[in-house]
Structure formats: structure tokens, C-alpha cells
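One-letter residues, chain by chain:
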Amino acid sequence: MIGSFYDFVCDVGRASNLTVPQIRAGIEAIEGDEIYVAARAAGRGAIIATAHMGSFEAGAAALLNHETRLHVVFKRDAIGRFEQVRSALRRKLGVIEAAVDDGFTIWLKLREALLRDEVVMVQADRCMPGQKGAKVPFLHGHLMLPTGPVKLALATGAPIIPVFALRGRSGGVRIVVDEAIEVEPSDLSPHPALLKFVSVLEKRVRANPEQWLLLHKAFCEDAGADA
């Protein structure tokens, strides 16, 4: 896992010196592209739910084969130099940054973007500081996952599409698209749509445990959260 994290940091630095076609050339396969195309044909925008796995920026580059307006939700890194390099890379790719550090208004802007049939990409496998979350069963314990993607979907009618950028055996990146999740109003907690995403996330982490960039106590049981 530490090696995978090192690879991720190196990817950002290396990609900053490549052209966009060269970055895309590092994608060795895309599985489920037809799922993505079918979900986007509805014209309701899309919320791409991904995880801290593999190569995040390569995943964004792959989506830009289909999109002209891709908003990436993120939290600015405490290491200023790394954040400068990553931000410059996103500008090169044509990605629109949406920093949660900027407060609640960013979510209003994302809602407007989805209503314009644009795409929002968010890492949905952990709650960032200040984010609201829900406790969900995961593998042998429980995680706190952000509820923002579900709330955005309910507010806009956009589907949630799980997409993961996993490292392949040849060293390239394999993009995997899972079935789109339609989000309907529900009084259940956790929301059924969030549980559907958890089942997909669990499948991907179980198959690629070393690629899940887990550098903190993510499980509620380990973090001392209430049972």
C-alpha cells in the first residue's frame, strides 16, 4: 500500500511533464465504457463516485474522452508544492477544480453544473474534515462515507456512476466502470444508494487491497467512533 501511494505521488509529478495524449496513452484498458455512455445519454449530468485507489488523474483523463466540463471535488493538500503541481496538471487536462475548503457555496455550484448536464467527480470512500457522513458496513467493520454524492443526486436527478482507475499488471491504468446507481428519495438510513456504492467499493478494495491508499484509521472501530 505504501508503494501504491508512492506511485500515486510520482504519477502526479510525471504527468505534469506529459502531454494530454501521452497521459491517455497510459490507460491500457477501459471496462464498462458502454455503461458510462448509456448513463450519460439521459442528459441528467452524472456524479462519478471513485476512491483513493490507483491513479486518480488518469481516471479524469479517461473521462475527458467523453466530457468537456468535468468538475473534480477535492480538499487542498497541506503540502503546498504538491498542490501546485496537481492543480497545474488539472488545468492542463481541462478539469475544473471544486475545493471543499471554499465552503458550502461550492456545493451550490456543483448542483448548477449537474443541472447543465455536466459531470462531477468525487472520491467517495472517506469523509474529509467537515464533511457530513453516514456509518456503513464495510468488509469486517464500518466506515464513515460522505453523503454529499447522494444529496447531489437527489437534488438534481443525476445518477451516481462508480468509476475506478486501477493499476494494471503491465504498469498502465485500467479504468473500470460499474453499473450506474439511480437515487430515489428514501427515509432509510444509510440511504440505499449509498449502500449500493459501498457494495461496489468493497468489491474493488477486496480485489485490489494494496491499491487502496489507506494511511489513517478508516474503520470506525479503529478510530474509536461510536458503535
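All of the points below concern the structure found in this document. (Residues numbered from 1 in each chain as written. Predicted model: local features only at pLDDT ≥ 70, side-chain atom pairs only at ≥ 80, totals over all residues. Heavy atoms only, no water.)

### What to know about unusual backbone geometry
Residue Pro190 is bonded to the preceding Ser189 through a cis peptide linkage, with omega at 0 degrees. Its location among the elements puts Pro190 in the loop between strand S9 (173-177) and helix H8 (192-207). Backbone geometry places Asp117, a non-glycine residue, at a positive phi of 70 degrees. Relative to the elements of secondary structure, Asp117 occurs in the loop between helix H6 (105-115) and strand S5 (119-123). At Leu139, a position not held by glycine, the phi torsion is positive, near 50 degrees. (Helix = DSSP H or I, 4+ residues; strand = E, 2+ residues; numbered from the N terminus.)

### Observations concerning H6
Listed in full, the buried residues belonging to H6 are Ile106, Leu110, Ala113 and Leu114. Relative to the axis of H6, the buried residues are bounded by an arc of 95 degrees and lie together on one face. Immediately downstream of H6, the backbone of Asp117 shows phi near 70 degrees, a positive value. (Buried < 20%, exposed > 50% of the residue type's maximum accessible area, 1.4 Å probe, protein only. Arc of directions from axis to C-beta.)

### Re the packing of aromatic side chains
Considering all chains together, one arrives at 2 aromatic pairs under this definition. A centroid spacing of 5.4 Å and a plane angle of 50 degrees characterise the contact between Phe138 and Trp212, whose relative ring orientation is tilted. Of this pair, Phe138 sits in strand S6 (residues 133-138) while Trp212 sits in the loop between H8 and helix H9 (220-223); the two residues are 74 residues apart in sequence, bridging distant segments of the chain. Owing to a relative accessible area of 5%, Trp212 belongs among the buried residues under this scheme. With a centroid separation of 6.1 Å and 40 degrees between ring planes, the pair formed by Phe138 and Phe219 is classed as tilted. Within this pair, whereas Phe138 is found in strand S6, its partner Phe219 is found in the loop between H8 and H9, the two being separated by 81 residues in sequence. By relative accessible area, which is 0% here, Phe138 ends up buried. Phe219 sits in the buried class, given a relative accessible area of 7%. By way of ring pairs, the aromatic residues Phe138, Trp212 and Phe219 are connected into one cluster. (Phe/Tyr/Trp six-rings, centres within 6.5 Å; stacked < 30°, edge-to-face > 60°.)

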